[in-house]
Amino acid sequence: MSRAEILERIEGSGLAGSVKEYCAAIIRSASGSSLKAALKADAAKVVKNIDRLLAAGGEIFGCSKEEVLFATGFNKNNRAPERFESALAELRAAEFLHREGFTSLKLIGAGPKKSADIFGIRDGRKYVFEVCCIQRHNEPAAASAAHLEAKYDEKLVQVNSSRKEYGCERGGIVFVTDPYNFAAFTDDMDLKKLAAELHARKNKSRFVHMCLLSGGSAAVFPEW
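Here's what I pulled together on the structure shown here. (Residues numbered from 1 in each chain as written. Predicted model: local features only at pLDDT ≥ 70, side-chain atom pairs only at ≥ 80, totals over all residues. Heavy atoms only, no water.)

What follows deals with the environment of tryptophan 224. Relative to the helices and strands, tryptophan 224 resides in the segment after β7 (217–221). Take tryptophan 224: its relative accessible area is 15%, and that puts it in the buried class. The sequence separation of tryptophan 224 and histidine 209 amounts to 15 residues, and the corresponding C-alpha distance is 7.8 Å. Once you skip the residues sitting within four places of it in the chain, tryptophan 224 turns out to touch Phe96, Leu97, Glu100, Phe102, Arg122, Tyr127, Phe129, Arg170, His209 and Cys211. (Helix = DSSP H or I, 4+ residues; strand = E, 2+ residues; numbered from the N terminus. Buried < 20%, exposed > 50% of the residue type's maximum accessible area, 1.4 Å probe, protein only. Contact = heavy atoms within 4.5 Å.)

Here it is in structure tokens:
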């Protein structure tokens, strides 16, 4: 698909104006990114999935589909290749948590100090979650637990800090890949084995949950 055709698909999509502007700038940029590669592969599908994800996120958090993207802390002038994908990963994580029965979900990681990304309540218990977007070439299903350990150590600091701040007994880390895929979530045993292996290697409390999301595949360990 040519650049002109991709830009035409973006412009004709239902995306909010600022998101269209950002996607068009990525396509015109000389730099590569996962978003650029995805748009080149199937622009119509990607813009539709992004629009649907933003709408779903807006419904969960009670705001418009344009507002919800920027509620994650995303800045349309930040053209770092991974930043847009990370913002979508937070919304994909929220969608998974909503599916898992969490209520009162809110984004908390957009402030100046480092904190977890999402707060929620399940069965009367408060949780905080840190979201980590894994780039496409390192999908969780193909990664080893050892590969994810460094990311885990980094993110756990933010989870524990926010658990104290928000008075949460429990927390979790959500590893996300392929947030452009809007497929319905299905439980995946391979991902669950990987989540269990990572949890065992870190020897952490059962109150810190590992969540792995890869496209429409999902797993959590330990169980809620």
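Before going further, it helps to spend a moment on the pattern of salt bridges. A side chain with one charge may pair with a side chain of the opposite charge, provided their charged atoms come close. Under the defined criterion, the tally for this structure stands at eleven salt bridges. With a shortest N-O distance of 3.9 Å, glutamate 169 and arginine 125 are connected by a salt bridge. Separated by 44 residues along the polypeptide, glutamate 169 in the loop between α6 (145–165) and β4 (170–177) and arginine 125 in strand β3 (residues 125–133) bring together distant segments of the chain. Judged by its relative accessible area of 39%, glutamate 169 is partly exposed. Judged by relative accessible area, arginine 125 falls into the partly exposed class, the value being 32%. Residue lysine 192 is joined to glutamate 223 by a salt bridge in which the shortest nitrogen-to-oxygen separation is 2.2 Å. With a gap of 31 residues between them, lysine 192 in helix α7 (residues 189–202) and glutamate 223 in the segment after β7 connect regions that are remote in the sequence. Take lysine 192: its relative accessible area is 25%, and that puts it in the partly exposed class. (Salt bridge = Lys/Arg side-chain N within 4 Å of Asp/Glu carboxyl O.)

With 28 residues, helix α3 (residues 34–61) should cover 40 Å at 1.5 Å per step; its first-to-last C-alpha distance of 26 Å lies more than 12% under that length. By the largest-angle criterion, aspartate 42 marks the main kink of α3, which is about 120°. At the exit of α3 stands glycine 62, carrying a positive phi of roughly 75°. (Expected span 1.5 Å × (residues − 1). Bend = angle between axes of the 7 residues up to and from the residue.)

Let's shift gears to the packing of aromatic side chains. Within the structure shown, the criterion is met by twelve aromatic pairs. Aromatic pair phenylalanine 70 and phenylalanine 74: ring centres 5.9 Å apart, planes at 40°, arrangement tilted. Judged by relative accessible area, phenylalanine 70 falls into the partly exposed class, the value being 28%. The class of phenylalanine 74 is buried, set by a relative accessible area of 4%. Relative to tryptophan 224, the ring of phenylalanine 102 has its centre 5.0 Å away and its plane inclined at 80°; by these criteria the two rings are edge-to-face. In this pair, phenylalanine 102 sits in the loop between α5 (83–99) and β1 (103–107) while tryptophan 224 sits in the segment after β7, placing the two residues 122 residues apart along the sequence. Residue phenylalanine 102 is classed as buried on the basis of its relative accessible area, which comes to 2%. An aromatic cluster is present here, built from Tyr22, Phe70, Phe74 and Phe84 joined pairwise through their rings. In this arrangement the basic side chain of arginine 92 is found over the ring face of phenylalanine 185, its NZ or CZ atom lying 4.0 Å from the centre. (Phe/Tyr/Trp six-rings, centres within 6.5 Å; stacked < 30°, edge-to-face > 60°. Lys NZ or Arg CZ within 6 Å of the ring centre and 35° of its normal.)

Our next topic: the environment of histidine 209. Residue position: histidine 209 is located in strand β6 (residues 208–214). Histidine 209 gets classed as buried once you look at its relative accessible area, which sits at 0%. Between the C-alpha atom of histidine 209 and that of arginine 9, which follows or precedes it by 200 residues, the distance is 39 Å. If we skip the residues at most four places from it in the chain, histidine 209 touches Tyr127, Arg170, Gly171, Gly172, Ile173, Val220, Phe221, Pro222, Glu223 and Trp224. Polar contacts involving the side chain of histidine 209 include one to the main-chain carbonyl oxygen of proline 222, which spans 2.8 Å. (Polar contact = N/O pair within 3.5 Å; in protein donor to acceptor, adjacent residues only side chain to side chain.)

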